[in-house]
Amino acid sequence: MKITMNLAKLFLGLFLFALGAVCTINAHLGLQPWDVLHQGLSRTLHMTIGMANILVAFLIVIVNRIFGEKIGFGTLANMLFIGLFMDMLMLNHLVPEFQNLSARILMVLAGLVIISFGTYLYISAGFGAGPRDGLMVVLARKTKQSVRLIRTCNEGVALLFGWILGGSIGIGTVIMVSLIGIFVQATFKLCRFDVKTVHHIYLDRHMFEGFVSKNGQMNGGNDHHAI
């Protein structure tokens, strides 16, 4: 039952993250930093934004492994399903678009809230951090800096490369790159969640130890690798 609940939390979190991202895209005020990069790649490589999302996530997983971050089922699910959910929502026009400027700004802010809560859900599920959040966490751990600062820096780098590749930027981009770190950290505090101490099941022998542990807790066996 514990595993089923955490799987549900994982996929709900991934869907919410994709939904929040599409909200910011459909606001047409400029894309959030990672989606500026995804759009730039999609235009350069002639693929959907969702497929570009998957490509970027795959490359980040490689970087995370170089830094020593472990890979979990949640890492791979994040890499695949956020992009697939985004394409599903966008290609089927399931998220509305507005002409009123105030409504569009509210849509950007709502998207940030949804993204932040989705981030909390899929990290706290205990199946490993997503590629981008794994990068955020490993850099926070190595530099001893706050999640807010590291997240904001990561978004800024993605924004720069996305702009170089031809991704769209605007006032909404400025809002998102300025507030995303604050929103994520505020959500973690609201949910009383410390990203640096959660333990995950990874794709190694400890994953199987976690499944058969007597207390049924998803603590990754004896692995005390904390993020």
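Note: the structure precedes this text.
Fair warning: this is a prediction, and the values are worked out from it, not measured in the lab.

Peer 1: What am I meant to see in unusual backbone geometry here?
Peer 2: A positive phi is found at His28, a non-glycine position, where the angle reads about 55°. Relative to the helices and strands, His28 resides in the loop between helix H1 (2-26) and helix H2 (33-45). Notably, His46 is not glycine yet its phi reads approximately 60°, a positive angle. Within the element layout of this structure, His46 appears in the loop between H2 and helix H3 (49-66). Here His46 falls in the exposed class, since its relative accessible area comes to 72%.

Peer 1: Could you clarify how one ought to interpret the nonpolar core in this entry?
Peer 2: Counting residues in each nonpolar core, the largest one holds 39 residues, and the members touching the most others are Leu10, Leu14 and Met86. Of all the secondary-structure elements, those providing two or more residues to this core are H1, helix H4 (73-91), helix H5 (101-124) and helix H8 (171-190). Per-element accounting of this core gives the leading share, nine residues, to H1. Once residues within four sequence positions are removed from consideration, Met86 is found in contact with Ala18, Ala21, Val22, Ile25, Asp35, Ile49 and Asn53. The next biggest cluster of nonpolar side chains, apart from the first, holds nine residues, and it includes Val56, Leu135, Val138 and Ala158.

Peer 1: Hey, could you run me through the packing of H3 against helix H6 (residues 131-143) in this one?
Peer 2: When two helices pack together, their arrangement is given by the angle between the helix axes and by the axis-to-axis distance. In the contact formed by H3 and H6, the axes pass within 8 Å of each other and the chain directions differ by 35°. When you trace H3 past H6, the crossing you get is left-handed. Only Pro131, Arg132, Gly134 and Leu135 of H6 make contact with H3, whose side of the interface consists of Asn53, Val56, Ala57, Ile60, Val61, Val63 and Asn64. Partitioning the contact of H3 with H6 into residue classes produces seven nonpolar, three polar and one charged.

Procedures and definitions
Residues numbered from 1 in each chain as written. Predicted model: local features only at pLDDT ≥ 70, side-chain atom pairs only at ≥ 80, totals over all residues. Heavy atoms only, no water. Helix = DSSP H or I, 4+ residues; strand = E, 2+ residues; numbered from the N terminus. Buried < 20%, exposed > 50% of the residue type's maximum accessible area, 1.4 Å probe, protein only. Core = buried A, V, L, I, M, F, W, Y, C linked by side-chain atoms within 4.5 Å. Contact = heavy atoms within 4.5 Å. Axes fitted to C-alpha atoms, helices over the stretch in contact; angles between N-to-C directions. Left-handed = near helix turned anticlockwise from the far one by under 90°. Nonpolar A, V, L, I, M, F, W, Y, C, P; charged D, E, K, R; others polar.

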